[in-house]
Amino acid sequence: MVLILFISATAGARQGISITGHVTDENNQPMVGVTVKVKASSEGVSTNASGVYAIQVTDSKAVLVFSYLGYTTREVAADGRTTLDVQLTPDKAALTEVVIVGYGSQRKAATTGAISTIKAAELTQTPVANLAQGLQGRVAGLEVIQNSAAPGGNSSVRIRGINSINGTSEPLYIIDGVQAASGEGTVLTMSPLSEINPNDIESVEVLKDASSTAIYGARGSNGVILITTRHGKAGKSVISYDGYAGTQRNSKTLDVMNAAEFAVLENEVYKTTLYPDPASLGEGTDWQKLIFRNAGIQSHQLSVAGGNEKTQLALSANYFDQDGVILNTGFKRYSFRVNVDHNATKILKVGASIYSSVSGYDGVDTAPTNTDAGNQGVLNAALTAAPMLVPYRDNGSLFPYTEQFSGRYKEARSPLALLAQMRKTTSNNTTGNAYAQFNLAKGLTYKASFNAVIGNGLYDYYSPANLGQTDLTVAGGAAEKNNSRSQTLLHESIVAYNRTFGEDHNIDATAVYGTQSNTTSGSFITASNFPNDATKNDALQLAAIHSVSSVKARSRLDSYAGRLNYGYKNKLFLNLTGRFDGSSKFGANHKWGFFPAVGLAYRPIEEKFMENVSFISDLKIRGSWGITGNAGAINPYGSLALVSSAGNYYFDHTNKTGISPAGIPNADLRWEQAKQVDVGLDMGFFRDRLSVVVDVYRKNTDGLLFTKSLPVSSGNASITGNYAGLLNRGVEAFVRGNIANGPLKFDMSVNLSVNRNKVTGLDGFTQELSASNYSVIRVGEPLGMFKTYVYNGIYQTGETILPGSGSRIGGVKVKDLNNDGKIDASDQTLTGNPNAKYTLGFSPRLQYKNIDLNLFVQSSQGRDVFNVTRFSLENPLGGRNVMQGLVNRWSATNPGNEFVSGNQGGRNPITDRYVENGSFTRFKNLSVGYTVQKLKYLSRVRAYLSANNLFTSTKYSGYDPEVNVNGSSNTLLGVDNGVYPVAKSYLLGLQITL
């Protein structure tokens, strides 16, 4: 009996004391999902639909913590009570959430423009080498296409579609008030955005409509991305380490013929017995296996931040190293940042920041842009290499094609020889900023900032002499050494005034003066025919042949801008913006441009008639109109008469370089101009546990730069002017839901973007312009449309071959669309659209106690890709390998209707067979982490596992559907020609905070 009583007493002690109660909001309405925890404990419960909770405590004096998103957290001591009713009040800080805007900040509730914010945790959820990769799929209305998946490779960033034809469509990047380089470039160059360390970023704001971008005038039509880096805060110093390391591997290989299969094809093509016993050759060499590898990736960041009320400091140092999954490729970056802010007096605050990075990019020749690329580029060379060839001699050196099979494949390019070439880019960049801010009166400040961005780049190229391929390099080797330098100097004076009059009226005014100068220069040396490879390109004077050139350009931009924000009773808001830009790039008749915008917002949630609509917690209607410009489309001297060298001439037996006109002046040349209308709706439901943002926009861009043909009598072939036009219109939606907020936390976000673009004009006369032999620019259609013949199978025995087809029995048959009995250009038609119908980003996050789970899915649907690689690999012309499917090619005894018969030197017509569905859904990231708080010497430790590019669902037959061999081109879109493929990666990461 005593034992039973003892056990009962022990069980009772363990069961503890039950405390129950109701939780209500400021209107005495029950709150569901409020987290109730015992202080300093991970155990907790949530309130039910009636706002009721019940929790067990072991101490009658326990302190309960009540928390809910958007409401102030309360701590209540039990003091022996078993019933505790609690009322929560809205968190004023949450109601006054601030977003960064051009030249300042603004309460989110008061914004009239379309602005999206991405926090650091989202940006660095996946291991990224540059900012663009971190933004991919995160923002409605922002599309990021990774043109090349090479480490440090280029991406195209588009905000609300393509906004230019011959100019840039990349957005303006502003880092802590300083303009940064865009990500524009080719698939073979390093992205300028790779020089920015993503781990330094605190938040990113994406400005999309004219109301928010007009403050940047002639640079704002492509949208603006504002980047805020981490600054120190008063209080305890925080020392943190954030690092990861892992491995990467290629996601996919393509099936090509083995040696035995290819030997049979060669015998057929050349109509002779080149290989008497094909079966004896077996599988042969797997050239794809030779160029791919498992590659490492690592990143390490050490940060220190802190300060007191007087001075705040933030320091960070980062090392990032990513090897490529293709041999001899990789990207490495060292970076350092310091941000200092100092309150010198009551009226003066000063600060400075310095960011410096050193980046190295080892590239390789991939992705040629011509249609019949054959074996150009390392991937195409690996796919088309004859599998019976041997890659290495017994001593480990390359076995030249010229020395195998009597030189039969000497015209082919060895992928290993291409990998032996040096293609290295080194970049050194420093950004400095200093400011002084004066508090002149209540609500009135003046800030003067001085900024400098200095960049130096070096490109090294060397192709060794003994690669054994006469078409790959000249005798004695070939070399390049290209130096580039850029300098941007910027001063801005900003006057800001912010006052609230009474309780109902708020004025927020900003005036800006800015002057910016840009200088770029470069020197380029090519050389060939070296005595040996010992010095590579480090002793160019040893070469027998040299070529030297250099360039330099300057431009200046002066600006005056103003913005006025007026708010009434926190429910009506007006935004007026205007900017004058004067640029040395503009023609003499258009040196200055004015860019106005107006935005309006109304918050019905503040009205009395909404007080009883309890399920709606926020409601705002926005509208804006404005004009912005794109001066980035104009070259520094594009409006002037130009001359260039025009060959060599002999005078008095002396060689002289001639000079001739290179372009006629255009005094009317000006910025490209976009007029945009935006209507938006911001909604919050169930105390903002569900947030919805929807925008509808229409952007009409005219005065696009376009080259117009001139009559021969003018003495010039063409002139560049503001002749063309584009229209973009679309819908954006963003939804964020806080589904569970108890011990189990679950939230998710979804963004959807739909954009349609259309060419509205070219030069006033031309209705269609060929952009390549498979794509066109046509008035009334989207940019980059594919135009080809229509595939109609294979010509079978006995069929009549239509004139003009250039085909044969066993060759490709195309449709005679106009039924005129022949095949010509009039039988080509639009067969594909490389622009996505919609893009989608989906990001659920789950946390239970110390364990967190994150998933990120990206999707692009309704886009087509022209597969040039497949076009080449389905043409059995002899001398190069083809797709494995051609084992089942057409023959008299195998009259199929898919793959053509072998034909020496033959060419297939360009048809819609190679226009493929490029839609895809990619599981971009899956990570699992475990966090421990308040260890002996550490305040927080989190370890995590991350899998990236885990799975891609697509019908595309190539390496990866997210490609564009033409880089940041606005007119040649969605083309795959052996582009560097996406790799899977698996990482182990550690985050430590002292």
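Residue positions are given per chain, counting from 1 as you read along its sequence in written order. At least 70 in pLDDT is required for a residue's local features to be given in this predicted model, at least 80 for side-chain atom pairs to be given and counted, and no such filter applies to totals for whole chains, interfaces and linings, which use all residues. Side-chain measures were taken over the full set of non-hydrogen atoms in the model, leaving aside hydrogen atoms and water.

As named in an unreviewed UniProt entry, the protein is SusC/RagA family TonB-linked outer membrane protein, taken from Hufsiella ginkgonis. Annotation of the protein in UniProt includes, under Sequence similarities (unreviewed entry), the sentence "Belongs to the TonB-dependent receptor family." UniProt positions are given in the numbering used here, feature names are shortened, and annotations may be inferred rather than shown by experiment.

(A) Spotlight on the overall build of the protein. Each helix corresponds to a stretch of at least 4 residues labelled H or I by DSSP, and each strand to a stretch of at least 2 residues labelled E; elements are numbered beginning at the N terminus. Regarding its fold elements, the protein presents ten helices and 49 strands. For this measure, only C-alpha atoms enter the radius of gyration; the expected value for a globule follows 2.2 Å times N^0.38, where N is the number of residues. Against the globule reference of 30 Å for 994 residues, the protein gives a C-alpha radius of gyration of 32 Å, in line with a compact fold. Once the C-alpha set of the protein is aligned to its principal axes, its extents read approximately 100 × 85 × 65 Å. Going through the 994 residues of the protein one by one, you find that 50% of them count as buried. Contacts are assigned to residue pairs that have any heavy atoms within 4.5 Å of one another. Pairs at least 24 residues apart make up 68% of the contacts formed inside the protein by residues separated by at least 6 positions. The cut-offs for exposure are 20% and 50% of the maximum accessible area for each residue type, with area from a 1.4 Å probe on protein chains only; residues under the lower value are buried, those over the upper are exposed, and the others partly exposed.

(B) Representation of a positive patch on the surface within the structure. Taken together, Arg 698, Arg 729, Arg 756, Lys 758 and Lys 837 make up a surface patch of like positive charges. With respect to the helices, strands and loops of the structure, Arg 729 is situated in strand E34 (residues 718-741). Given the relative accessible area of 37%, Arg 729 is considered partly exposed. For patch detection, residues must exceed 30% relative accessible area and be free of salt bridges, and they are connected within 9 Å for like charges or within 5 Å for nonpolar side chains (Val, Leu, Ile, Met, Phe, Trp, Tyr). Here, Shrake-Rupley sampling with a 1.4 Å probe gives the accessible areas, and only protein chains in the shown set may cover a residue. Salt bridge, as applied in this entry: a Lys or Arg side-chain nitrogen positioned within 4 Å of an Asp or Glu carboxyl oxygen. Counted charges follow a simple rule, with Lys and Arg positive, Asp and Glu negative, and His plus the chain ends left uncounted. The atoms used to mark charge sites are NZ of Lys, CZ of Arg, CG of Asp and CD of Glu.

(C) Structural detail: the sheet that holds strand E14 (residues 178-180). In this description, strands pair whenever DSSP reports at least two bridges between them. The strand order across the open sheet built from five strands is E10-E15-E16-E13-E14, with neighbouring strands paired in mixed fashion. The open sheet has two edge strands, strand E10 (115-119) and E14, and neither has a second partner. Averaged over all neighbouring strand pairs, the angle between strand axes comes to 25°, with direction disregarded. Where strand E13 (residues 172-175) meets E14, three bridges bridge the pair, whose relative direction is antiparallel. Paired with Tyr 173 across the two strands is Ala 180, which belongs to E14. Under this scheme, a helix contributes an axis fitted over its contacting stretch, all axes are lines through C-alpha atoms, and angles between N-to-C directions fall in the 0 to 180 degree range.

(D) Here's a closer look at the packing of aromatic side chains. Only the six-membered ring of Trp is used, alongside the rings of Phe and Tyr, when aromatic pairs are assigned; centres must lie within 6.5 Å, and planes under 30 degrees apart are stacked while those over 60 apart are edge-to-face, with the rest tilted. A complete count under the given rule lists 23 aromatic pairs for this structure. Arranged with centres 5.5 Å apart and planes meeting at 75°, the rings of Tyr 53 and Phe 66 form a pair that is edge-to-face. Of the two residues, Tyr 53 is situated in strand E4 (residues 52-57) and Phe 66 in strand E5 (residues 63-68); the sequence distance between them amounts to 13 residues. Both residues of the pair, Tyr 53 and Phe 66, belong to the buried class. With a centroid separation of 6.4 Å and an interplanar angle of 80°, the aromatic rings of Phe 405 and Tyr 409 are classed as edge-to-face.

(E) Just the nonpolar core, in detail. Joining through side-chain atoms within 4.5 Å is the link that ties buried Ala, Val, Leu, Ile, Met, Phe, Trp, Tyr and Cys residues into a set, and such a set is a nonpolar core. Among the nonpolar cores identified, the biggest contains 48 residues, and Ile 326, Met 388 and Tyr 409 are the most heavily contacted of them. When contributions to this core are tallied by element, the ones reaching two or more residues are helix H6 (259-270), helix H7 (287-291), strand E18 (295-307), helix H8 (378-384), helix H9 (415-419) and strand E49 (983-993). For Met 388, the residues in contact, after removing those within four places along its chain, are Ala 259, Phe 262, Ala 263, Tyr 275, Leu 281, Phe 405 and Tyr 409.

(F) Seen up close, the sheet that holds strand E7 (residues 86-87). Pairing is mixed in the open sheet, where three strands are placed in the order E4-E1-E7. Only two strands of the sheet have a single partner each, and these edge strands are E4 and E7. Two elements, strand E1 (residues 17-24) and E4, share six bridges in a ladder whose sense is antiparallel. Within E4, the residue paired with His 22 across the bridge is Val 52.

(G) Here's a closer look at the side chain of Asn 433. Residue position: Asn 433 is located in strand E22 (residues 422-441). Identification of polar contacts relies on pairs of N or O atoms within 3.5 Å, with a donor-acceptor requirement for protein atoms, meaning one able to donate a hydrogen and the other able to accept it, and with residues adjacent in sequence counted only if both atoms are side-chain atoms. Polar contacts involving the side chain of Asn 433 include one to the side chain of Asn 451, which spans 2.3 Å.

(H) Geometry of the environment of Ser 547. When you line up the elements, Ser 547 lands in strand E26 (residues 545-568). When the C-alpha atoms of Ser 547 and Ala 527 are compared, they prove to be 6.4 Å apart, with 20 residues separating the residues in sequence. If sequence neighbours within four positions are ignored, Ser 547 has contacts with Phe 524, Ile 525 and Thr 526.

(I) Expanded view of the pattern of salt bridges. Counted by the stated rule, this structure contains 36 salt bridges. Between Asp 460 and Lys 481 there is a salt bridge, with the nearest N and O atoms lying 2.7 Å from each other. Remark: Lys 481 occurs in strand E24 (residues 478-501) and Asp 460 occurs in strand E23 (residues 444-463); sequence separation between them is 21 residues. No difference in accessibility class separates Asp 460 from Lys 481, as the two residues are buried. One salt bridge connects Arg 579 with Asp 581, and the closest N-O pair in it is separated by 2.9 Å. Asp 581 carries the same exposure label as Arg 579, and that label is buried.

(J) The arrangement of the pairing of strand E11 (residues 142-145) in detail. Burial of the side chains of E11 is restricted to one face: Leu 142 and Val 144 are buried, whereas none of Glu 143 and Ile 145 on the reverse face is. In terms of strand pairing, E11 meets strand E12 (residues 156-159) through four bridges, oriented antiparallel. Bridging from a neighbouring strand, Leu 142 pairs with Ile 159 of E12.

(K) Inspection of the side chain of Ser 749 at higher detail. Here Ser 749 lies in strand E35 (residues 744-761). Apart from residues no more than four positions distant in its own chain, Ser 749 is found in contact with Phe 734, Val 735, Arg 736, Gly 841, Phe 842, Ser 843 and Arg 845.

(L) Spatial organisation of H6. Residue count minus one, scaled by 1.5 Å, sets the expected span of a helix. The terminal C-alpha atoms of H6, which comprises twelve residues, lie 16 Å apart, in line with the 16 Å expected from a rise of 1.5 Å per residue. N-capping of H6 is provided by Asn 258, with a side-chain oxygen placed 3.2 Å from the backbone N of Ala 260. After H6 finishes, the residue Lys 271 shows a positive phi value of roughly 55°.

(M) Here's a closer look at the confidence of the model for the protein. pLDDT runs from 0 to 100 and stands for how confident the predictor is about each residue. When pLDDT is averaged along the protein, the result is 89, and 94% of the positions lie at 70 or above. Low pLDDT, under 50, characterises residues 1-14; the stretch is placed with zero contacts to residues that sit more than four places away or in other chains.

(N) Expanded view of the pairing of strand E17 (residues 235-250). Relative to E18, E17 runs antiparallel, the two being bridged by twelve bridges. Paired with Gly 235 across the strands is Gly 307, a residue of E18. With eleven bridges joining them, E17 and E49 adopt antiparallel strand pairing. Bridging across to E49, Ser 240 finds its partner in Thr 993.

(O) Region of interest: unusual backbone geometry. Of note in this structure, Asn 328 is not a glycine but carries a positive phi near 65°. Looking at the element boundaries, Asn 328 is found in the loop between strand E19 (311-323) and strand E20 (330-343). In this model, Lys 569 sits at a positive phi of 55°, which is unusual for a non-glycine residue. Summarising the element assignment, Lys 569 is placed in the loop between E26 and strand E27 (572-583). On the basis of relative accessibility, which here comes to 37%, the residue Lys 569 falls in the partly exposed class.

(P) Expanded view of a nonpolar patch on the surface. Nonpolar side chains collect at one region of the surface, where Leu 744, Leu 846, Tyr 848, Ile 851, Leu 853, Phe 923, Leu 926, Val 928, Tyr 930, Leu 950, Phe 951 and Tyr 986 lie side by side and expose about 1,000 Å² of accessible area between them. Counting only elements with at least two residues in the nonpolar patch, the list comes to strand E42 (838-848), strand E43 (851-861), strand E46 (920-933) and strand E47 (940-954). When residues of the nonpolar patch are assigned to their parent elements, the largest contribution, four residues, is made by E46. Mapped onto the elements, Val 928 comes out in strand E46. Residue classification places Val 928 among the partly exposed residues on the basis of a relative accessible area of 41%.

(Q) Examining the environment of Lys 620 more closely. Residue placement: Lys 620 occurs in strand E29 (residues 616-630). Here the alpha-carbon distance between Lys 620 and Arg 603, two residues 17 residues apart in the chain, equals 4.3 Å. The contacts of Lys 620, once residues within four sequence positions are left out, are Lys 108, Ala 109, Ala 110, Thr 111, Ala 601, Tyr 602, Arg 603, Pro 604, Gly 680, Leu 681 and Asp 682. Of the polar contacts made by the side chain of Lys 620, one reaches the backbone oxygen of Ala 109; its length is 3.3 Å.

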